[in-house]
Amino acid sequence: MTQDDQHSDAPAAEPRKPVFDGPPLSLEEELAAARAEPEAGPTIETINDSLADGVNRCPKCGSTDVQLRASTGMLVCLFCRHQWQEERVEEEFGLGVGIDELEGTVIASGAQEIAEGADDIVTLTCGGCGAEVVVDTAHAMNARCHWCRHTLNVNQRTPNGAVPDAVLPFKLTRDEAVEKIREFAGKRRLFAHPRFRKEFVPENVLGVYLPYLVVDARAEASYTGRGEVQTRRWTEKSGDNSVTYYAADVYQVDRSVSFTVDDLTMEGAADRAQFDSSTTNNIVNTILPFDTKNAVRWNSSYLVGFTSEKRDLDVADLSPKLEDQLLSIGRSQVHGSLDRFDRGVRWEGEKVDVGGSRWVSMYLPVWIYSYYQENTKMLHYIAVNARTGETMGSVPVSQWRLILAALTVGTFLEGIAGAILVGTA
Amino acid sequence: MSALVTVLASGDGAPLWILAAGPAGALGTYWAIYRYYRNTDKSHAFERDTLIEAQPVQGHEEKVDHISRTRDPDIDGDNSAKYRERVRRLR
């Protein structure tokens with residue numbers, strides 16, 4: 001059936017009538033509406049003005065051939081050998097101060113909502129020679145011009161939200177990371193899957209900048225529930241057995257606490273934000289925290305030689321998770337005030353008021369060794385925090401070895417139990 | 001079933017439930033090694049490892065009931081130390 005057939009019986013189209021949206025406003029009302037302030041949204045603070053031309057250059061010679069020297073944490077110009085470091089965002093943008101006076105939601109420019117429809121693949125025109133270079137921003141935020149070696153980066157071309165405010169440079173060298181990974185896996189050789197043992201090559205480690213949102217917040221959390229205090233404990237004889245009984249007072253308990261948190265770090269990529277038993281996402285989460293106080297102003301030269309992942313979660317996506325984490329923090333704070341309830345406390349209701357929050361988008365450095373286990377279709381990681389060296393991982397296990405060990409221990413214990421029974425009979 | 005419990009609980013020597021040590025030990029070994037390799041239970045302890053400045057805790061308590069006789073040594077559903085277990089949100 002063609003389109004003409006479908007509409008052959010339809011009446012001729014009438015001229016479109018205006019949609020009725022209520023009685024017309026009076027002149028005064030229309031004037032008042034026009035003068036009214038727009039509805040207040042989150043405050044966006046532009047904290048990095050140096051990205052105006054979209055290229056990070058050596059401050060001495062202007063070259064873009066710059067990369068991180070991990071041993072010193074400094075950027076080095078490969079053209080004139082000048083070394084320097086970007087300013088720490090903590091001092092420059094006053095991130096650690098004024099948390100107790102935060103009002104509403106303050107979002108740094110790099111943490112803005114990611115523009116919808118933002119394409120991962122962008123084409124940049126090389127400022128050095130004019131060649132066109134394609135960058136896949138899902139995996140890398142900069143590229144070299146293959147003709148003139150000019151380093152291009154996507155500060156300007158990538159839409160809102162993809163370029164972070166700050167970056168924490170790699171500190172652990174690759175060799176140190178390899179050593180950490182080798183040590184971690186070495187302790188887990190005995191019950192590791194034979195195929196993993198055969199294919200384990202820690203030199204395949206990759207340095208990755210992962211996107212995070214670092215949050216300062218001011219909040220008040222309240223909790224209500226029941227607590228019990230033991231008043232008496234006694235034992236009654238019942239035949240050959242004795243039974244212990246308790247008496248207790250039951251209390252309605254309310255607690256509230258105001259607090260500020262500094263640099264709460266939240267995953268900015270949806271892939272890693274979900275922790276369920278079918279993934280190993282918790283591994284990368286476990287190597288937190290980073291020394292985010294040492295983060296420096298964003299300069300894409302820090303990314304040369306490393307891969308990077310683009311943030312795909314906005315502040316609105318993470319706000320519910322922030323509230324959950326603030327509730328957990330509040331609970332840990334009030335826990336010390338519950339000592340008198342020796343039979344425990346059961347919280348039944350909770351509430352959090354976030355007075356103010358400040359969000360900064362940051363790239364944090366991780367060395368990752370990944371291994372895809374084919375039979376279970378699971379991706380295992382060993383991740384190393386490239387600042388603190390904290391290492392955590394998931395190593396695929398050999399089920400039959402594990403069961404054999406469990407049966408051996410079980411049989412041994414059962415033998416001892418049998419011997420005791422026979423001995424005391 | 002009750003007869004079995006009586007048999008297991010009685011006797012002049014060691015109780016028969018000691019025979020459960022074998023299966024319990026096997027399960028415990030399996031779980032401990034699996035967890036050491038896969039680390040499924042680990043996560044970032046943000047409650048402890050984040051810089052937190054808290055004001056003094058406020059609150060009050062009021063006696064609402066008395067339990068005169070129970071065999072339960074603690075309150076049902078104690079979640080005071082399970083910080084991440086969410087309960088009803090008050091508005």
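Preceding block: the structure.
Residues numbered from 1 in each chain as written. Chains lettered and ligands numbered in written order. Predicted model: local features only at pLDDT ≥ 70, side-chain atom pairs only at ≥ 80, totals over all residues. Heavy atoms only, no water.

Enquirer: It is not clear to me how the overall build of chain B should be interpreted in this structure. Could you clarify?
Expert: Summing up its helical and strand segments, chain B has three helices and three strands in all. For chain B, the α and β elements follow one another from N to C terminus as α-α-α-β-β-β. Here chain B displays about 6,300 Å² of accessible surface, and carbon together with sulfur accounts for 56% of that area. (Helix = DSSP H or I, 4+ residues; strand = E, 2+ residues; numbered from the N terminus. Areas by Shrake-Rupley, 256 points an atom, 1.4 Å probe, with all protein chains shown as cover.)

Enquirer: Just checking my understanding: could you explain the overall build of chain A for this structure?
Expert: Each helix and strand counted, chain A has nine helices and 17 strands in total. Among the 425 residues that make up chain A, the fraction classed as buried is 48%. Put simply, 74% of the contacts in chain A that link residues at least 6 apart link residues at least 24 apart. Taken as a whole, chain A presents about 21,400 Å² of accessible surface, with 51% of it coming from carbon and sulfur. (Buried < 20%, exposed > 50% of the residue type's maximum accessible area, 1.4 Å probe, protein only. Contact = heavy atoms within 4.5 Å.)

Enquirer: Hey, could you run me through the pairing of strand β11 (residues 206-238) of chain A in this one?
Expert: The side chains of a regular strand alternate between the sheet's two faces. Residues and elements named next belong to chain A. Both β11 and strand β15 (residues 345-373) contribute to a ladder of 22 bridges, which runs antiparallel. Note on β15: the bridge partner recorded for Gly-225 is Trp-347. Pairing of β11 with strand β12 (residues 241-267), which is carried by 25 bridges, proceeds in the antiparallel orientation. Residue Ser-238 lies in a different strand from β12, and its bridge partner there is Asn-241. (Pairing = 2+ DSSP bridges.)

Enquirer: Looking at this structure, how should I read the nonpolar core?
Expert: Buried together is how nonpolar side chains tend to be arranged in soluble globular proteins. Residue and element names in this part refer to chain A. Of all hydrophobic cores here, the largest spans 63 residues; its most connected members are Val-167, Tyr-209, Tyr-302, Trp-367 and Ile-382. Ranked by residue count, the leading element in this core is β15, at nine residues. Once residues within four sequence positions are removed from consideration, Tyr-302 is found in contact with Leu-68, Gly-73, Leu-75, Gln-85, Glu-86, Val-167, Pro-169, Tyr-209, Val-296 and Arg-297. One finds Ile-107, Leu-213, Ala-219 and Met-266 within the second-largest nonpolar core, a separate group that totals 32 residues. (Core = buried A, V, L, I, M, F, W, Y, C linked by side-chain atoms within 4.5 Å.)

Enquirer: Mind showing me how you'd approach the environment of Leu-322 of chain A here?
Expert: All names here are of chain A. Looking at where Leu-322 falls in the secondary structure, it is placed in helix α8 (residues 315-334). With a relative accessible area of 3%, Leu-322 lands in the buried category. In this structure the C-alpha to C-alpha distance between Leu-322 and Val-215, which are 107 residues apart in sequence, comes to 8.6 Å. Leu-322 has contacts with Val-215, Leu-264, Met-266, Ser-357 and Trp-359, leaving out every residue within four places of it along the chain.

Enquirer: Before we go on, may I ask you to explain the sheet that holds strand β2 (residues 66-69) of chain A in this structure?
Expert: Within a sheet, neighbouring strands are paired by backbone hydrogen bonds and run either parallel or antiparallel to one another. With antiparallel pairing, the three strands of this open sheet are ordered in space as β2-β3-β4 (chain A). On the outer flanks of this sheet lie β2 and β4 (83-84) of chain A, each paired with one strand and no other.

Enquirer: Got a minute to help me understand helix α9 (residues 399-424) of chain A in this structure?
Expert: What sets the pattern is the α-helix's 3.6 residues per turn: residues three or four places apart point alike. Compared with an ideal rise of 1.5 Å per residue, which puts 26 residues at 38 Å, α9 of chain A spans 37 Å between its outermost C-alpha atoms and is within 8% of the ideal. Within α9 of chain A, the full set of buried residues consists of Leu-402, Ala-405, Ala-406, Gly-410, Ala-417 and Leu-421 of chain A. Next to the buried residues of α9 of chain A lie α2 (21-38) of chain B. (Expected span 1.5 Å × (residues − 1).)

Enquirer: Explain the interface of chain B and chain A to me, please; I cannot follow it from the model alone.
Expert: Interfaces are often described in size by the accessible area the parts lose on coming together. Counting from both sides, the interface comprises 68 residues of chain B and, opposite them, 90 residues of chain A. Counting each side, the surface lost to burial between chain B and chain A is near 6,800 Å², with a carbon and sulfur contribution of 57%. In terms of surface lost to chain A, no three residues of chain B exceed Tyr-37, Arg-38 and Ile-75 of chain B, which account for 11% of the buried area on that side. Linking chain B with chain A are seven salt bridges, by the criterion used here. Between Glu-236 of chain A and Arg-69 of chain B there is a salt bridge whose closest N-O contact spans 2.6 Å. Applying the counting rule to chain B against chain A returns 48 residue pairs in polar contact (both at pLDDT 80 or more). When residues of the side of chain B that touches chain A are assigned to their parent elements, the largest contribution, 13 residues, is made by strand β2 (residues 58-70) of chain B. In terms of residue class, the side of chain B that touches chain A is built from 26 nonpolar, 19 polar and 23 charged. Where β15 of chain A lies against strand β3 (residues 88-89) of chain B, two bridges are found, and the strand directions are parallel. Within the sheet, the bridge partner assigned to Gly-349 of chain A lies in β3 of chain B and is Arg-88 of chain B. (Buried area = accessible area lost by both parts, 1.4 Å probe. Salt bridge = Lys/Arg side-chain N within 4 Å of Asp/Glu carboxyl O. Polar contact = N/O pair within 3.5 Å; in protein donor to acceptor, adjacent residues only side chain to side chain. Nonpolar A, V, L, I, M, F, W, Y, C, P; charged D, E, K, R; others polar.)

Enquirer: Would you mind going over the packing of α9 of chain A against α2 of chain B with me for this structure?
Expert: A packed helix pair is summarised by two numbers, namely the angle formed by the two axes and the spacing between the axes. The geometry of α9 of chain A relative to α2 of chain B is characterised by a closest axis approach of 7 Å and an angle of 145 degrees between their N-to-C directions. For the element pair α9 of chain A and α2 of chain B, the recorded crossing hand is right-handed. Mapping the contact onto sequence places Gln-399, Leu-402, Ile-403, Ala-405, Ala-406, Val-409, Gly-410, Leu-413 and Glu-414 of chain A in α9 of chain A and Ala-21, Gly-22, Pro-23, Gly-25, Ala-26, Thr-29, Tyr-30, Ile-33 and Tyr-34 of chain B in α2 of chain B. Split into classes, the residues belonging to the contact of α9 of chain A with α2 of chain B amount to 12 nonpolar, five polar and one charged. (Axes fitted to C-alpha atoms, helices over the stretch in contact; angles between N-to-C directions. Left-handed = near helix turned anticlockwise from the far one by under 90°.)

Enquirer: What exactly am I supposed to notice about the environment of Arg-189 of chain A here?
Expert: Its place among the elements puts Arg-189 of chain A in the loop between α4 (174-186) and α5 (194-199). Assessed through its relative accessible area of 47%, Arg-189 of chain A is described here as partly exposed. Separated by 143 residues in the primary sequence, Arg-189 of chain A and Ser-332 of chain A place their C-alpha atoms 37 Å from one another. Those residues in contact with Arg-189 of chain A, other than ones at most four positions away along the chain, are Arg-197 of chain A together with Tyr-37 of chain B.

Enquirer: Got a minute to help me understand a nonpolar patch on the surface in this structure?
Expert: Together, Phe-412, Ile-416 and Ile-420 of chain A give the surface a local cluster of nonpolar side chains, amounting to about 280 Å² of exposed area. Secondary-structure assignment places Ile-420 of chain A in helix α9. (Patch = residues over 30% accessible without salt bridge, like charges linked within 9 Å, V, L, I, M, F, W, Y side chains within 5 Å.)

Enquirer: Would you mind going over the packing of aromatic side chains with me for this structure?
Expert: Aromatic ring pairs are reported here in terms of the distance separating the ring centres and the angle at which the planes meet. Residue and element names in this part refer to chain B. A full pass over the atoms with the stated rule returns 18 aromatic pairs over all chains. Seen in terms of ring centroids, Tyr-36 and Tyr-37 are 5.9 Å apart; in terms of plane orientation they differ by 70 degrees. Their pairing is edge-to-face. Tyr-36 sits in the partly exposed class, given a relative accessible area of 37%. By relative accessible area, Tyr-37 is classed as buried at 3%. (Phe/Tyr/Trp six-rings, centres within 6.5 Å; stacked < 30°, edge-to-face > 60°.)

None of this, on its own, says anything about what the molecule does.
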